[in-house]
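Structural overview
Here is how the chains run, residue by residue.
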Amino acid sequence: MSSQSPAALPRWSRPSWLSSPRVLRTEVLAGLVVALALIPEAISFSILAGVDPRVGLFASFTMAVTIAFTGGRPAMISAATGAIALVVAPLVTSHGLDYLIAAVILGGLLQVVLAMLGVAKLMRFIPRSVMVGFVNALAILIFTAQVPHLIGVPWLVYPLVAVALAIMFLLPRVTTAVPAPLVAIVLLTAFTLLTHLTVPTVGDEGALPDSLPALGLPDIPFTLGTLQVIAPYALGIALVGLMESLMTAKLVDDITDTHSDKTRESWGQGVANIVTGFFGGMGGCAMIGQTMINVKASGARTRLSTFLAGAFLLVLVVALGDVVALIPMAALVAVMIIVSVGTFDWHSIAPATLRRMPAGEIIVMLVTVAGTLVTHNLAIGVVLGVLAAMVIFARRVAHFAAVEKIDDHTYRVRGELFFASSNDLVYQFDYAGDPDHVVIDLSGTHVWDASSVAALDAITTKYRQRGKTAEITGLNEASARMHDTLAGQLGGGH
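Here is what the cut-offs are and how they apply
What you see as residue numbers is a count from 1 along each chain, following the sequence as written. In view of the model being predicted, local features appear only for residues whose pLDDT reaches at least 70, and side-chain atom pairs are presented and counted only at 80 or more, with totals across whole chains, interfaces and linings using the full set of residues. Hydrogens and waters are ignored; side-chain quantities use all the structure's heavy atoms. Where helices and strands are cited, they refer to DSSP runs of H or I of at least four residues and of E of at least two residues respectively, numbered from the N terminus. Relative accessibility under 20% of the residue-type maximum defines a buried residue, over 50% an exposed one, and the middle range a partly exposed one, all with a 1.4 Å probe and only protein chains included. Only heavy atoms matter for contacts: two residues are in contact if any of them lie within 4.5 Å across the pair. Each accessible area is a Shrake-Rupley result for a 1.4 Å probe, and residues are judged covered by the shown protein chains and nothing else. Charged residues are defined narrowly, with Lys and Arg counted positive, Asp and Glu counted negative, and His plus the chain ends left uncounted. Here the site of a charge means atom NZ of a Lys, CZ of an Arg, CG of an Asp or CD of a Glu. Strands pair, by our definition, only if DSSP identifies at least two bridges between them. Axis definition: a line fitted to C-alpha atoms, limited for helices to the stretch in contact. Angles are taken between N-to-C directions and run from 0 to 180 degrees. Orientation is classified from the angle alone, with under 35 degrees giving roughly parallel, over 145 giving roughly antiparallel, 65 to 115 giving roughly perpendicular, and any other angle giving oblique. Classification used: nonpolar for Ala, Val, Leu, Ile, Met, Phe, Trp, Tyr, Cys and Pro, charged for Asp, Glu, Lys and Arg, polar for all others including Gly. We call a set of buried residues a nonpolar core when its members are Ala, Val, Leu, Ile, Met, Phe, Trp, Tyr or Cys and they connect through side-chain atoms within 4.5 Å of each other. Each pair of aromatic rings taken from Phe, Tyr and Trp, with Trp reduced to its six-membered ring, is defined by centres within 6.5 Å and is described as stacked if the planes are under 30 degrees apart, edge-to-face if over 60, and tilted in the remaining cases. Any helix carries an expected span of 1.5 Å times its number of residues minus one. In this scheme, the bend at a residue equals the angle between the axes fitted to the seven residues that finish there and the seven that begin there. Any pair of N or O atoms that falls within 3.5 Å is considered a polar contact. Within protein, one atom must be able to donate a hydrogen and the other to accept it, and sequence-neighbouring residues count only if both atoms are side-chain atoms.

Our next topic: the overall build of the chain. Tallying secondary structure elements over the chain gives 20 helices and 6 strands in all. By principal-axis analysis of the C-alpha atoms, the chain measures approximately 100 × 55 × 55 Å. Burial statistics for the chain: of 494 residues in total, 49% are counted as buried. Long-range contacts, defined here as pairs at least 24 residues apart, represent 82% of the contacts in the chain between residues at least 6 apart. Just so you have it, the chain exposes about 22900 Å², and 66% of that area is on carbon and sulfur atoms. Between the centroid of the 28 positive side chains of the chain and the centroid of its 31 negative side chains there is a distance of 7 Å.

Right, here's the structure in full:
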């Protein structure tokens, strides 16, 4: 659908693919390529979450089709993802599929609420170092989740994984006409069938769908106890899903030089997860890799490609379910290893980058990664990373506030006054040695919070206790308003 100015009046406009056969062909082919590439990843993410392949496949279908209508970023692909799979895997292990579906529905509701509260605007407060840590932690968790499939298996699995990795690494250097993961899967499946090799297959992981997804409710007790179980996972689904989706939307904005409605994308993700939950899917969010295939490699720009990716996926899986069951797990493990390698931001750990990067940025990235790996929860890792960034920023900015004595009667304060920088302010004055009247010039600073007003109260109180007066001058309008409102009311210095 053609992009419109955010200020334009809402009205229906004729989609570009209806008037241009070339655009229609591009969108249809892009949707088909994405659908083919989605099949192995959706199955792999299902296994990562500990559920049947049909749960991830149905989620990818309903997410893509729903977000094509509700999303704020045309041509972006949403489906079952590794990030969401990692969030919900512990819940599946402890309580089973029905609790997962309930968590997905609640997560979708939380996303709608967060969107209405303006969460999209809060994305600007997530530092780049936290985002890099998020991506790197996601890559590490995806990789480590493949290890169980490489332990205690027939030795033939190892050469099959190596061959699949070689195909996916080398084929794109020759041609990108067909997705390399798809080629690897087809060749390995054909080889194992022709040679009658006995290796673990997708069919061993669970039944594949042979019908369309059905609408239903999770079979759980609707009690406070159930809510206490699913709420933390629902919050994880909501936060991780929104973060990855909004990061991906921004990336597509940059690639296409167009603007997208981030608030609409936020609640659109919520609606898509609610729909997915009611159809028995595992939930999802925007997929960076598949979106790049759609937008960058295939040249898609409209909602049609997103819709067709979901529709083609369902047709392929329902019609070819028996064939998909024969895919060797070695192929999917190799696909996920490639996904993890491609997801990891290798530039962030390059020696040249680490030498140039401030120590604080590196610490924030490491805290995000470590927090995620220890808790196996991406949302907790991000929260810890943001908290670390806030502490480091506060410590850095706290040093910017300085007190300079201009003459016997006048002090000048420069820098930003807030809770971290104003704590030491009270010790910068010579209360005993100063004359009876002192001027404190704040024209070079800004008073940001109550802690700063309390510090100024403490300073004037110390002068008053010695029979002296301290006159505060130079406050800008906002600072003066805060000071007039709070001065003498905070108990500081009394």
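Here the narrative resumes, following the displayed structure.
Right, let's get into the sheet that holds strand β4 (residues 410-417). The 4 strands are arranged β3-β4-β5-β6 in an open sheet whose pairing can be described as mixed. For this open sheet the edge positions go to β3 (402-405) and β6 (469-473), each flanked by a neighbour on one side alone. Recorded for the sheet is a direction-independent mean angle of 20 degrees between the axes of neighbouring strands. Contacts from helix α19 (residues 450-465) reach β4, β5 (437-447) and β6, with the element oriented near 175 degrees to β5.

So, about the packing of helix α2 (residues 21-49) against helix α15 (residues 329-343). Two elements in contact, α2 and α15, have axes separated by 10 Å at closest approach and are oriented at 95 degrees. By the angle between their directions, the pair α2 and α15 is classed as roughly perpendicular. Here α2 contributes P40, E41, I43, S44, F45 and I47 to the contact with α15, which in turn contributes M329, L332, V335, M336 and V339. Tallied by class, the residues present in the contact of α2 with α15 amount to 9 nonpolar, 1 polar and 1 charged.

Attention shifts here to the environment of V202. Along the chain, the position of V202 falls in the loop between α9 (180-194) and α10 (224-256). On the accessibility criterion, V202 (0% relative accessible area) is buried. Residues V202 and A330, 128 residues apart in the sequence, show an inter-C-alpha distance of 9.5 Å.

Within the element layout of this structure, I274 appears in helix α11 (residues 262-278). Here I274 falls in the buried class, since its relative accessible area comes to 17%. Sequence separation between I274 and I105 is 169 residues; the distance between their C-alpha atoms is 4.5 Å. Dropping the residues within four chain positions of it, I274 is found in contact with I105, G108, L109 and V112.

This next bit is on the environment of A145. As for its placement among the helices and strands, A145 is situated in the loop between α7 (128-144) and α8 (157-174). For A145, a relative accessible area of 21% gives the class partly exposed. A sequence separation of 59 residues divides A145 from L86, and the C-alpha atoms of the two residues are 8.9 Å apart.

Before going further, it helps to spend a moment on the nonpolar core. By size, the foremost hydrophobic cluster in this structure holds 92 residues, and its most contacted members are I43, F134, V240, M282, L313 and L332. Setting aside residues no more than four positions away along its own chain, F134 makes contact with V240, M243, E244, M247, T368, L378 and V382. Counting residues in each nonpolar core, the second largest holds 17 residues, with L417, F429, Y431 and L442 among its members.

One pass over the full model with this rule turns up 6 aromatic pairs. Consider the rings of F69 and F307, whose centres lie 5.8 Å apart with planes at 80 degrees: the pair is edge-to-face. Here the residue F69 occupies a position in helix α3 (residues 53-70), and F307 occupies one in helix α13 (residues 303-319), the gap between them amounting to 238 residues. Of the residues examined, F69 reaches a relative accessible area of 57% and is grouped as exposed. Centre to centre, the rings of F344 and W346 are 4.6 Å apart; their planes meet at 45 degrees, and the pair counts as tilted. With a relative accessible area of 49%, W346 lands in the partly exposed category. Grouping aromatic residues by their ring pairs yields a cluster made of Y411, F429, Y431 and Y463.

Moving on: α2. Because an α-helix completes one turn every 3.6 residues, residues spaced three or four positions apart along the sequence face the same direction. Between its terminal C-alpha atoms α2 stretches 40 Å, which fits the 42 Å expected from 29 residues at 1.5 Å a residue. For α2, the principal kink sits at L38 and spans about 30 degrees; a proline, P40, occurs within the next four residues. Directly after α2, the chain includes G50, whose backbone phi takes a positive value near 85 degrees.

Counting through the fold element by element, D434 comes out in the loop between β4 and β5. A residue is classified by how much of its surface remains accessible, and D434, at 3% relative accessible area, is buried. Polar side-chain contacts of D434 include one of 2.7 Å to the side chain of Y411. With residues near it in sequence (within four places) discarded, D434 still touches K405, D408, Y411, Y463 and K468.

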